[in-house]
Amino acid sequence: MTFQIVFRHSDFIVINKPNGISVHKDDADVGLTQLVAQQLGVPKVWLVHRLDKVTSGLLILALNERAAVTLSQKFAQHQIQKTYIALATHKPKKKQGRISGDMQKARRGTWKLCQSKENPAVTDFVSHSLAPNLRLFILQPKTGKTHQLRVAMKSLGSPILGDELYGGDKAERTYLHAYQLSFDYFGLKVQIKGTPINESEKCGEIFQRFWQAIEKYLHGENEKTP
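Here the structure is a predicted model, which is why all the values come from computation and not from measurement.

Asks: Talk me through helix H1 (residues 32–40); I want residue IDs and the actual numbers.
Replies: The complete set of buried residues in H1 reads Leu 32, Val 36 and Ala 37. Each buried residue of H1 lies within a common arc of 135° when the element is viewed along its axis, so the set occupies one face. Residues of H1 that are buried make contact with strand S2 (12–17) and strand S4 (56–62). Downstream of H1 by a residue or two, Gly 41 has a phi angle that is positive, lying close to 75°.

Asks: Just give me the short version of the pattern of salt bridges, but keep the residues and values in it.
Replies: Per the stated rule, a full pass over the model turns up 6 salt bridges. Among the salt bridges present, the one from Arg 98 reaches Asp 124, with a minimum N-O distance of 2.6 Å. Placement of the pair is Arg 98 in strand S6 (residues 96–101) and Asp 124 in strand S9 (residues 121–131), with a sequence separation of 26 residues. According to the relative accessible area criterion, Arg 98 is partly exposed, its value standing at 48%. Note that Asp 163 is salt-bridged to Arg 150, the shortest N-O span being 2.7 Å. You can see Asp 163 sitting in the loop between helix H3 (148–155) and strand S11 (176–185) and its partner Arg 150 sitting in helix H3, a full 13 residues away along the chain. Here Asp 163 falls in the buried class, since its relative accessible area comes to 2%. Through salt bridges with shared partners, a single ionic network connects Asp 52, Arg 150 and Asp 163.

Asks: Describe in detail the packing of aromatic side chains, supporting the description with residues and values.
Replies: With the rule as written, the count across this model stands at 8 aromatic pairs. Relative to Phe 12, the ring of Phe 7 lies with its centre 5.8 Å away and its plane at 20°, an arrangement referred to as stacked. Note on Phe 12: relative accessible area 0%, which makes it buried. Each ring, one from Tyr 185 and one from Phe 186, has its centre 4.9 Å from the other, and the planes form 80°; the classification is edge-to-face. The exposed category is assigned to Phe 186, whose relative accessible area is 55%. A network of ring pairs unites the aromatic residues Phe 7, Phe 12, Phe 183, Tyr 185 and Phe 186 as a single cluster. Sitting over the face of the ring of Tyr 175, Arg 173 holds its NZ or CZ atom 5.6 Å from the ring centroid.

Asks: Break down H3 for me, citing the residues and quoting the values.
Replies: Of all 8 residues in H3, 6 are buried, a share of seventy percent or more. Restricting attention to buried positions, one finds in H3 the residues Gln 148, Leu 149, Arg 150, Val 151, Ala 152 and Met 153. Immediately beyond the C-terminal end of H3, within one or two residues, lies Gly 157, with a positive phi of roughly 80°.

Asks: Explain the nonpolar core to me, using residue names and the numbers behind them.
Replies: Ranked by size, the top nonpolar core spans 42 residues in total, and within it Ile 85, Leu 87, Leu 139 and Ile 214 carry the most contacts. Residue contributions to this core peak at 7 residues, all from helix H4 (residues 205–218). Discounting chain neighbours no more than four positions away, the residues touching Ile 85 are Leu 136, Phe 137, Ile 138, Tyr 175, Leu 176, His 177, Tyr 179, Pro 196, Phe 207, Trp 211, Ile 214 and Leu 218. Ala 62, Ala 68, Phe 183 and Tyr 185 belong to the second-largest nonpolar core, a separate cluster that totals 16 residues.

Asks: Quick rundown of the pairing of strand S1 (residues 4–8)? Include the residues and the values.
Replies: The pairing of S1 with S2 spans 4 bridges and is antiparallel. By the bridge assignment, Gln 4 is partnered in S2 with Asn 16. Counted between consecutive antiparallel strands, the loop separating S1 from S2 contains 3 residues.

Asks: Describe the pairing of strand S10 (residues 134–141), with residues and values.
Replies: Strand residues, when the strand is regular, have side chains that alternate between the two faces of the sheet. With 7 of 8 residues buried, S10 is to be regarded as a mostly interior element. Across 5 bridges, the pairing between strand S5 (residues 81–88) and S10 is antiparallel. Bridge pairing links Leu 87 to Leu 136 in S10. The pairing of S9 with S10 spans 8 bridges and is classified as antiparallel. Following the sheet pairing, Val 126 is matched in S10 by Ile 138. Between the end of S9 and the start of S10, which pair antiparallel, lie 2 residues, with Asn 133 showing a positive phi angle near 60°.

Asks: Let's hear about the side chain of Ser 182: which residues, and what values?
Replies: Along the polypeptide, Ser 182 turns up in strand S11. Polar side-chain contacts of Ser 182 include one of 3.3 Å to the side chain of Gln 191. Those residues in contact with Ser 182 that lie beyond four places of it in its chain are Gln 79, Ile 80, Gln 81, Val 190 and Gln 191.

What counts and what doesn't
- Residues numbered from 1 in each chain as written.
- Predicted model: local features only at pLDDT ≥ 70, side-chain atom pairs only at ≥ 80, totals over all residues.
- Heavy atoms only, no water.
- Buried < 20%, exposed > 50% of the residue type's maximum accessible area, 1.4 Å probe, protein only.
- Helix = DSSP H or I, 4+ residues; strand = E, 2+ residues; numbered from the N terminus.
- Arc of directions from axis to C-beta.
- Contact = heavy atoms within 4.5 Å.
- Salt bridge = Lys/Arg side-chain N within 4 Å of Asp/Glu carboxyl O.
- Phe/Tyr/Trp six-rings, centres within 6.5 Å; stacked < 30°, edge-to-face > 60°.
- Lys NZ or Arg CZ within 6 Å of the ring centre and 35° of its normal.
- Core = buried A, V, L, I, M, F, W, Y, C linked by side-chain atoms within 4.5 Å.
- Pairing = 2+ DSSP bridges.
- Polar contact = N/O pair within 3.5 Å; in protein donor to acceptor, adjacent residues only side chain to side chain.

See below:
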């Protein structure tokens, strides 16, 4: 497997991770970091944050230990701004705003959002209608909890399309994509965008069909929120 590299720096790279690929080794003989290291022809790359197996999009990999420590700290201190896009087929309780609450483990490897806010997961979002029974969500997590966006979407009554674990309608993939990363790296202003659209059928037929309309909202060309 060859990964698309969307940004290169002497200390790190950013790849566009396909959905269905785990950042952990799982049962595979060779894990994602080993595959990327082989592709680059280097002994090792370092994982500094994670994406769920079902999520596609931008993943930073450090190329040395110093960068791994620096970038891991930036994620821990919420100094890296992340923007995700998701699609859902159910009307949300509200069309934009903030979702905040503590998260607790639930059944079957899932999590649930609580009303308490001792150490809350926080997500800002705005949504737009793409078609009848299809809505785009632009999500900006302010924290980095496990399954945070998937749980947030379920709490809105709009589970992510394809995310059957959290009640989403069945689809050929989970329609959640890490679209943009913004951060400062030793004075360098880094802003990276990565489209889910590629030659692979796994990128998602609905993303392909509606990508032009999605981009208009992402670029602010259509501010209307019907």
